[in-house]
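Close look at the chain arrangement
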Amino acid sequence: MTMANSEQVGYIDRISGPVVQASNMLGSKLYDVARVGEEKLVGEIIKLTEDLATIQVYESTDGLTPGEPVYLTNAPLSVELGPGLIRQIFDGIQRPLPVIREISGDFIERGIEIPGLDHKKLWDFAPSVKVGDKVLGGDILGEIPETPTVDFKLLVPPKINGKIEFIAQRGDYNIDDTAATLVTPSGDKVDLQFYHKWPVRQPRPYHSRLPSNIPLITGQRIFDTFAPIAKGGTGAIPGGFGTGKTVSQHQLAKWSDAKIVVYVGCGERGNEMTDVLQEFPRLVDPYTGGPLMDRTILIANTSNMPVAAREASVYTGITLAEFFRDMGYDVAMMADSTSRWAEAMREISGRLEEMPGEESFPAYLASRIAQYYERAGRVLTIGTKQREASITVVGAVSPPGGDFSEPVTQNTLRIVKVFWALSKELASRRHFPAIDYLLSYTLYWSALEDYYSQNVNPEFPELRTQSLALLQKDKELQDIVALVGPDALPPSEKIILETARMLKEDFLQQNAFHESDSFCSLEKQYLMLKTILRFYEKAKDLHRRGTNVADIFESDLVIRIARMKYIEKSEVETSLNELMKEIDGLTPQNFEVEDK
Amino acid sequence: MTIKERYEAREFQTVTEVSGPLMFVNLRGMGEVSYGEMAEITTTSGERRRGQVLDVSKDLAIIQCFEGTSGLETKDTICRFLGETMKIGVSKEMLGRVFNGRGESIDGGGDIIPDKILDVAGTPINPSARQYPKEFIETGISTIDTLLTLVRGQKLPLFSGSGLPHNMLAAQIARQAKVLGTEEEFAVIFSAMGITADEARFFRDDFEATGALDKVVLFLNLADDPAIERLLTPRLALTVAEYLAYEHNYHVLVILTDMTAYAESLREVAAARSEVPSRRGYPGYMYSDFSTIYERAGRIHDKKGSITQIPILTLPNYDITHPVPDLTGYITEGQVYVDVALNRKGLYPPINPLPSLSRLMKDTIGQGSTRSDHKFVSDQLYALYATGRDLRDLVAVVGDESLSETDKKILEFADLFEQRFINQDYHEDRTIFESLDIGWEMLSIFDDPHRVLKRIPSEIIDKFHMDKRDDKTDFNSVDI
């Protein structure tokens, strides 16, 4: 028997939904890509039994017939890593959707074979090494200004090192041109192009892990103040439908202070991806001033696209994220929704007739989820000059019936360190973002506290603790109010209720669709929190001096506090300091005058 | 193989098993049968039925029989494979016609002459070809137009239950739906899955009474029709919808009722195949299967037509966490919740806005499309009604003595909201301006609007509040 080569052909034995069994497949390897049928549909080998291979097919299998050929590629599912990824929208296996549209029109036909990157486009390359330099895998050979805000760094692929014998001079190249030639220590010559391929299921190597002690600023008050995520951290947003998972994910993709954002729409609505595609080019990145699209990569495998490609899409996404991490960038990746990814695994597993685990998810669900989130992290990259870089991963989870005890939510919570719990009750009160402020948690706070003290204000951690305590107390009091009505509470507790209401309505509620409120800087968050707590102290003081509690919270200043969130960036400091000064100046006499 | 042999190889008299909706055919290693291929089954009495290949290997094909398996047997039943997937002939002539659940004409008008023959499975719309839906559809129903705006290209299901008037509501929407300021071609495609003959007649009579019947295509799979056929019916309907929308620029409204019956058929097939069940016995791929129906709604760049879907679901025991509404809610762009408690109060349409949602509303409403106060009025009505209902619960426990004056007004508002705003006649077609103004009239019961109406900016209150309106402004205009 000859060794496997690309001409070798197996034959389809059986077709059952997205799963195809083929015989005469001796020599194929697990997770290699196979091209199935006359139309050469893309598939991946997921099980081998002697000469039988089970293949999950990334396109619709309608019309396939037993006996049709199966071609081996002898390569695992890989993505092309090079310039031209940013601003693009890909399907789950890195085929650019706009190019598919040019070929097959408004509807996605199958059997379309196109590369992930544009191989004709010319890029302006400037080398940063010279002939004779010794380079390691991960070293930068030169730069290409890919978008006005992101410089693409051409890297020596991992596991390759040597001495530079040739390096392309400043000029325009397409990605197939030779960028450099290395002579390896064993004397072989290796030509490097402007891109390389990498298998999506294999994590890209890094030098070492760094502690997660820098927050990923999101501009969302509930996240940044109460449950911050670290750069390189992992977080989950579980919530039933209509609680705002997607809006939260969009907000993170819009306003996170990451250099690159990879957004994976995994088995979700087509119109949501369209929304991102139409909105992001118009939105301005608060950190660079350029369009948000200039740092964004989209991967869209909507719910009605083939289920196996949905399974692959999160791996495609994280591999692209790792590639930009290796350039030294902070990357944020959003996956919406990881439940759909888990369900894709369940569907394939069911077709393989595997023994089911909990709720018929496969028994390996937990380990797959863990492996995926472990690809996040803040690291030192490989290469001679190690760079600090990170991948932050936030996954949305869609629990059936909004029940957090289901397997995907539970297995995710075992791994991730930030839990942003969406609440149906808050959503039905139109409290958005509908994140349950008491149920949500972050395990990064102790690592991040110093950052907040040093970079925002030394008082910040104290204000946060105090607010959380008020919200907790409020919850206890609300239970009493529900039984006996608010009148039964003593005035001091009514102050707590009113202050907690201000925290909830005027601080935690944030309008994603309001220009000045959609993004809130840390400085503004600090001042808003401080203003509310200042008013709380003042209210206690006024009450001690005999003012009626109801009158205190009828004050015009309360209305101005409610409008704090809409204050424009440039005026925040002056107007909030002014407001606090007025709060400090309140005396019982103010209220007596009003009575007249 | 000669053509003759090949032809013969596609006809089998080797049925080995008939079980539930499935039929197993031994192919003896000779049949080149494709996945998803259609089969024609001839019973011993000569009756012909259709089925589709669900699983195929060289030796065995599993066929789901759309028209039932009763009368099939393992000796003389003949199965002929047709060499193509399920297709339907479509043409503009279909408007005004009635078909059964597998696409055969049942109104006595004879077969249509197809303009095109299309695959019913459909292919996914390329997300980069989609156009984000932004065009307001006025349904004439205050609750929907004001709080749950329907948008062209949206999929907005009715979550309902037994004994609720969801059919009337759907018929009223179909009758009254229009886009402000345009006279464009519209069509309604009605796909019935497992509803009763009475319900089907209700829709037909309603379309007829309003003279809309020649703009309607009906696909009827009724309760006594074969259950597995239901898996086909919505796909036929949506294939016709796509043809009318994208080739003839129609704005198509597709009503799918009842998706719960559809899901039950899906479960029946899965159970017959001994698949590992997911929640409540429904198959694990139900989400993916639903999405191939719901995601066929939408708009496409550079195409004039659109497909708007109103699927109707009857929630078993009014339970919104049941897998059918749950998975639907994750795909559709919101939901309209038809509420049993409001229905008991005698309100029509008994839509409870609190658990309802329209996701596409935010980008649709406002100046130029509806009116600049729309968003704020909507938020305010919603918030006050939610508070009002909470207060009702509180009053039930502690009585109304402890309530503040404002709280008492809010209670009054909640009653008014149900009686004046939610409640309207089955034939009452309110403009969006009328609906918004009813909203303002109710909001005008508060003495201190600037303090109570927190969701409305002061300048909007000053312009639109009933006590502050000037005579010069035309409030029935999208431009203000």
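For the structure, see preceding data.
Rules behind the numbers
Residues numbered from 1 in each chain as written. Chains lettered and ligands numbered in written order. Predicted model: local features only at pLDDT ≥ 70, side-chain atom pairs only at ≥ 80, totals over all residues. Heavy atoms only, no water. Pairing = 2+ DSSP bridges. Helix = DSSP H or I, 4+ residues; strand = E, 2+ residues; numbered from the N terminus. Contact = heavy atoms within 4.5 Å. Axes fitted to C-alpha atoms, helices over the stretch in contact; angles between N-to-C directions. Buried area = accessible area lost by both parts, 1.4 Å probe. Salt bridge = Lys/Arg side-chain N within 4 Å of Asp/Glu carboxyl O. Polar contact = N/O pair within 3.5 Å; in protein donor to acceptor, adjacent residues only side chain to side chain. Buried < 20%, exposed > 50% of the residue type's maximum accessible area, 1.4 Å probe, protein only. Left-handed = near helix turned anticlockwise from the far one by under 90°. Nonpolar A, V, L, I, M, F, W, Y, C, P; charged D, E, K, R; others polar. Expected span 1.5 Å × (residues − 1). Lys, Arg positive; Asp, Glu negative; His and termini not counted. Parallel < 35°, antiparallel > 145°, perpendicular 65-115°, else oblique.

Right, let's talk about the sheet that holds strand S13 (residues 158–160) of chain B for a bit. Residues and elements named next belong to chain B. Taken in spatial order, the eight strands line up as S9-S15-S14-S16-S17-S13-S18-S19 in an open sheet, and their pairing is mixed. Of all strands in the sheet, those with a lone pairing partner are strand S9 (98–100) and strand S19 (357–358), marking the two edges. As paired strands, strand S16 (residues 251–257) and strand S17 (residues 306–314) are joined by seven bridges and run parallel to one another. Bridging across to S17, Thr257 finds its partner in Ile312. The sheet contacts of helix H6 (residues 259–272) involve strand S14 (186–195), S16 and S17, and relative to S17 the element is tilted by about 75 degrees.

Next up on the list: the interface of chain B and chain A. In many analyses, interface size is given as the accessible surface area lost on bringing the parts together. Each side of the interface is counted separately: chain B has 70 residues, and chain A has 75 residues. Regarding the contact of chain B and chain A, the summed buried area is about 6000 Å², with carbon and sulfur atoms giving 51% of it. A per-residue breakdown of the area chain B buries against chain A is headed by B:Tyr35, B:Pro127 and B:Tyr330, which together make up 13% of the total. Across the contact surface, chain B and chain A share five salt bridges. B:Arg451 is the salt-bridge partner of A:Asp556, the closest N and O atoms lying 3.6 Å from each other. Joining chain B to chain A, the criterion identifies 34 residue pairs in polar contact (both at pLDDT 80 or more). Those elements giving two or more residues to the side of chain B that touches chain A turn out to be strand S5 (48–57), helix H5 (233–248), helix H7 (286–294), helix H8 (323–331) and helix H10 (374–398) of chain B.

Below, the discussion takes up the side chain of A:Gln88. Residue and element names in this part refer to chain A. Along the chain, the position of Gln88 falls in the loop between strand S7 (78–81) and strand S8 (89–90). Gln88 sits in the buried class, given a relative accessible area of 19%. Setting aside anything within four residues of it in sequence, one finds Gln88 in contact with Pro96, Pro98, Thr296, Ile297 and Leu298.

Bringing the pattern of salt bridges into the picture now. Taken as a whole and judged by the stated rule, the model has 81 salt bridges over all chains. Here A:Lys189 and A:Glu165 are joined by a salt bridge, their closest N and O atoms 3.2 Å apart. Here A:Glu165 lies in strand S13 (residues 162–167) and A:Lys189 lies in strand S16 (residues 189–193), a separation of 24 residues in the sequence. Looking at A:Lys189, the relative accessible area reads 57%, which means it is exposed. Connected via shared salt-bridge partners are A:Arg14, B:Asp55, B:Arg273 and B:Glu275.

So, about the packing of helix H11 (residues 460–484) of chain A against helix H12 (residues 491–508) of chain A. Residue and element names in this part refer to chain A. Direction vectors running N to C along H11 and H12 enclose 115 degrees, while the axes themselves pass 9 Å from each other. With respect to the hand of their crossing, H11 and H12 are arranged in left-handed fashion. Contacts between H11 and H12 pair Ser467, Leu470, Leu471, Lys473, Asp474, Leu477, Gln478 and Val481 from the former with Glu493, Ile496, Leu497, Thr499, Ala500, Leu503, Lys504 and Leu508 from the latter. Partitioned by chemical class, the residues of the contact of H11 with H12 number nine nonpolar, three polar and four charged.

Moving on to helix H13 (residues 522–544) of chain A. Three- or four-residue spacings in an α-helix give side chains the same orientation, since the helix completes a turn every 3.6 residues. Residues and elements named next belong to chain A. If you check H13, its first and last C-alpha atoms are 33 Å apart, about what 23 residues at 1.5 Å a residue would give, namely 33 Å. Of all 23 residues in H13, 17 are buried; the element is thus mostly enclosed. Positive backbone phi, approximately 100 degrees, marks Gly546, located one or two places after H13.

Residues and elements named next belong to chain A. By the secondary structure assignment, Glu146 is in the loop between strand S11 (140–145) and strand S12 (151–155). Buried and unpaired, Glu146 has Arg87 as its nearest opposite-charge partner, separated by 7.4 Å. For Glu146, the side chain forms a polar contact with the main-chain nitrogen of Leu85, separated by 3.2 Å. The contact partners of Glu146, leaving out residues within four places of it in the chain, are Pro83, Gly84, Leu85, Ile86, Trp123, Asp151 and Phe152.

Running from N to C, H11(A) and H10(B) point in directions that differ by 60 degrees, and their axes come no closer than 7 Å. Taken together, the axes of H11(A) and H10(B) are oblique relative to one another. Of the residues in H10(B), those in contact with A:Val481, A:Ala482, A:Leu483 and A:Val484 of H11(A) are B:Leu394, B:Val397 and B:Val398. Residue composition of the contact of H11(A) with H10(B), by class: seven nonpolar, no polar and no charged.

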